[in-house]
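Breakdown of the fold
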Amino acid sequence: MDKRKYEKILRQVEKPARYIGEEKNSIIKDFDNTDVKFAFCFPDVYEVGMSHLGMQILYFMTNNEEDMLCERFFAPWVDMENKMREENIKLFSLENKRELDEFDIIGLTLQYEMSYTNILNMLDLGGVEIFSKNRTDDDPIVVAGGPNAYNPEPLSDFIDLFIIGEGEEINIELLRLYKQLKNDDYTREKFLLEASKMEGIYVPSFYDVEYKENSRIKSYNKKYDFLPDRVKKKYVSNFNDTFDLNNLIVPYIETIHQRSVVELFRGCTQGCRFCEAGYIYRPVRERNIEIIKNMTDSQLSNTGYNEISLSSLSSCDYRNLNELVDVLIDENIDNMTRISLPSLRVDSVSTDVLKKIEEVKKTGITLAPEAGSQRMRDIINKNITEDQYRETLKSLFKEGWSKIKLYFMIGLPYEEESDLDGIVNLGEIAKRLFFDRPKEEIRGNFSVTLSTSCFVPKPFTPFQWMKQNSIDELQEKIYHIKNQINDKKIIYNYHDPKTSVIEGFIARGDRRVGEVIYNAFKLGAKFDGWTEFFNYDTWVEAIENSGLSFENYNHREWEIDEILPWDIIDPLISKEYLISELEKSKNAITTKDCRHGCNRCGIENCEMWVEFR
Amino acid sequence: MKLRVYYKRNGNLKFISHLNTIDLLQRTVFSTPYKVAFSEGFNPHPLMSFGNPLPLGVSSDFEVFDVEFIDDIDIEDFVNKANLYLPDEVKIFEAFEITSNDSISKAFTHNLYEFRIFTDINLDEIDINTENLLINRKKKKKKREEIITEDISKNVEILSGITKVSEDEYILVAKLENSTDKIINPLNFINGIFNKYKLNISIFDVEIHKKEMISEL
């Protein structure tokens, strides 16, 4: 790249360090002499993408292979994009500053529906054909994975193949296949054909979809007999035998998280009925203490960080959490290293562990009851009782915490006014518990923040068939809560329902939704997950222009026997199980944590049951 | 033991902010086996102090920070280990012990800057001087920002006038005050020069490099 031009634009943009790379532990290989060039694209700004663990894993895994390289791309902030377009600079990698279209395979991670317009924008900025069908044998292959790949259909016009499941099992294999086929008679078609024979790979162009007159799906027709009727997800069976993430790229600028991160386990057994991650990441597979300890040791010494984050979907479920925390505290007692545990549950285990790790700062803590009333918590199978909530708060206050943040969802299935009142009630309980103590025990400046997001029905959850509330309904619910709060100690925050409805539209979208995403992109939508950029009217126009409607996606109850757009994917959880969970939720019947007995979700040879028995 | 450390920050690392640089240097010091002293109090912080911030995008062969260690340390070993942690474009080139009340701001009075100007305008003929050199700078006044104009001719000196290095590239070297009384921002200075000589050149077409910090006391 022209250095003078590059520096000139960097002098004119906010946070130019987003675009320079060269961070500690980043890897710059000989671009022209490496066989397979993989472009990892995160469709959001640098600070967000750099906090993503999956990227770090794939980055080091791929670069670990001698004949492969992995370089990073993030969505440039709008000021940078404008300068790049003005100066005709294509989207370039942070490592060798090479343009996106010079890579063999472009890998996108799908974390969030509202980043989809950024995907199209990045391809466009990188000089890559947006539509899969227009790409030639000389163009890169565009692949996508991550949680949202479980409903790949809205992006099927743009993505050549989807990776379903855990990338570390498939990615390198896919790149090897590419290297093997990349010779004189290479064609895209041949590569896609061979790739589609691999487990966990979905090539949308090899399937045709027919629709009924009422706009629902009539059938999926595969083009070749050998193709699976449903693409099975692939996952790491033994979590003690994966790639050891001993290193992390250390950004220069403040990112969301700047700390060492080690996963305790994958999967979750809680069975919350709204949570897609709780279903698609099954079964639970734990990592043993020794491996976790070694990884944190190496990461700390390679990065210079002084915080360890132990990550998972529900950290207190790790069977040896107490022992692990003791070991880590003991190891790091001298170097002021902090340990943090995201995703804590509302129960006594959490407070015991918290006592150990939060020695210094005792300010804010976040809990997620998700729903205000017991009835609603039973419907969504969030198994926390009000008593547990009270006990947890009591012991937190006793330990010195004074600022509590509570997460809830509104717009949940079968919701009534009394369920919303329950949210306010939990805030009031917190206040009472804090102040109803002897004066000498009250420390700190109390506040409780009630934060509500709007429920979005997601694929592969028991609520995948449910109707989503309209914007008006959600707005009314927000006011219902807001109007009840007139206490300075109780703060109410809420998410914009408009974003949630667009998210819901895309989340359960079929292939026709691709046109909507394209229209929105053409109308200038980008960074839709950022409130300052999200424009609802743009999306309404995009939907109208493609002849689709919210009614057909968000605001109807889907039929149990209709073909769902994401039925082409097999997450190994059976549909029967999801149906039975839906039935139970109607009657507010809970399902026990499957550690205490198998619930028959459909996973065969469940690793957890082999190990935990 | 208190140490004064000189380092450079060049290449693309000139695009990281002052705060980012502080973070980087703190991580660097922590990566060495030598224990940094912390302040007392409720929220202890490492005892490190830094020279005046460099504007974003300005590279430098001469930056400075002070750091206090609990014990006496092997300075050479510290420098070697710190340089192992640091990226190629940021390196320590000198470190020495100072007494505990030496402060960075009193140690230097001027910065030497090199301005590399890219333009199609022919600057060869211009004989630059700093007489009545005016700059505009932003000043915060009770939350409001206003632009004030001031004469900085006493605070700056041209060391080497505009010299052509290639078809569209010129170099100017100047000494700008950087003392406890006055700090001249190199961007304001070069903008002032462009205004004085009515040169229609964008500030973004100038590469600024700090060569040295000196004391004229």
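Keep in mind that what you see is a predicted model, and the values were worked out from it rather than measured. (Residues numbered from 1 in each chain as written. Chains lettered and ligands numbered in written order. Predicted model: local features only at pLDDT ≥ 70, side-chain atom pairs only at ≥ 80, totals over all residues. Heavy atoms only, no water.)

**Structural notes on the confidence of the model for chain B**
Looking at chain B as a whole, the pLDDT averages 93, with 100% of positions reaching at least 70. Listed scores for the predicted complex are pTM 0.94 and ipTM 0.93. (pLDDT = per-residue confidence, 0-100.)

**Focus on the pattern of salt bridges**
Residues and elements named next belong to chain B. Taken as a whole, this structure holds 64 salt bridges over all chains when the rule is applied. A salt bridge links R4 to D66; the shortest N-O distance between them is 2.8 Å. You can see R4 sitting in strand 1 (residues 2-9) and its partner D66 sitting in strand 3 (residues 59-68), a full 62 residues away along the chain. (Salt bridge = Lys/Arg side-chain N within 4 Å of Asp/Glu carboxyl O. Helix = DSSP H or I, 4+ residues; strand = E, 2+ residues; numbered from the N terminus.)

**A closer look at the interface of chain A and chain B**
Across the boundary between the two partners, chain A contributes 23 residues, which contact 21 residues of chain B. For the pairing of chain A and chain B, the buried interface totals around 2200 Å² over both sides, and the portion due to carbon and sulfur atoms is 54%. Together, A:R4, A:R11 and A:Y252 form the three largest contributors to the area buried by chain A at its contact with chain B, with a combined 33%. Among the ionic pairs, A:E7 bridges to B:K14, the shortest N-O distance being 2.8 Å. (Contact = heavy atoms within 4.5 Å. Buried area = accessible area lost by both parts, 1.4 Å probe.)

**Here's the deal with empty space enclosed by the protein**
All names here are of chain A. Enumeration over the complete set of coordinates arrives at 9 cavities of 30 Å³ or more. One number sums up the size of the largest cavity: a volume of about 110 Å³. Along the walls of the largest cavity sit 14 residues, with R18, Y19, F74, L91 and L94 positioned nearest its centre. Going through the elements one at a time, strand 2 (68-74) and helix 4 (78-86) are the ones with two or more residues in the lining of the largest cavity. (1 Å grid on protein atoms, 1.4 Å probe; cavity = no way out; pocket = protein on both sides within 12 Å on 5 of 7 lines; lining within 4 Å. Points joined across faces, edges and corners; volume = space filled by probe spheres on them.)

**Some words on the pairing of strand 18 (residues 490-494) of chain A**
Residue and element names in this part refer to chain A. In terms of strand pairing, strand 17 (residues 447-454) meets strand 18 through 5 bridges, oriented parallel. Looking at the pairing, T452 lines up with Y494 of strand 18. Note on the crossover from strand 17 through helix 15 (residues 471-482) to strand 18: the handedness is right-handed. (Pairing = 2+ DSSP bridges. Right-handed = clockwise from strand over helix to strand, strands pointing away.)

**Description of a negative patch on the surface**
Residue and element names in this part refer to chain A. A surface patch of negative charge is lined by E417, D472, E473 and E476. Considering every element that reaches the negative patch, the biggest residue donor is helix 15, with 3 residues. Residue placement: E476 occurs in helix 15. What makes E476 exposed here is its relative accessible area of 60%. (Patch = residues over 30% accessible without salt bridge, like charges linked within 9 Å, V, L, I, M, F, W, Y side chains within 5 Å. Areas by Shrake-Rupley, 256 points an atom, 1.4 Å probe, with all protein chains shown as cover. Lys, Arg positive; Asp, Glu negative; His and termini not counted. Charge placed at Lys NZ, Arg CZ, Asp CG, Glu CD. Buried < 20%, exposed > 50% of the residue type's maximum accessible area, 1.4 Å probe, protein only.)

**Focus on the sheet that holds strand 14 (residues 338-340) of chain A**
Residues and elements named next belong to chain A. What the 3 strands build is an open sheet, ordered 10-13-14; its pairing is parallel. Strand pairing shows two members of the sheet lacking a second neighbour, strand 10 (260-263) and strand 14, which therefore form its edges. Across the sheet, the mean angle from the axis of one strand to that of its neighbour is 20°, orientation sign disregarded. For strand 10 and strand 13 (residues 307-311), the ladder comprises 4 bridges, and the chain directions are parallel. Directly across from V261, in strand 13, lies its bridge partner S309. In the packing of helix 9 (residues 289-303) onto the sheet, contacts are made with strand 10 and strand 13, and the angle to strand 10 comes to roughly 165°. (Axes fitted to C-alpha atoms, helices over the stretch in contact; angles between N-to-C directions.)

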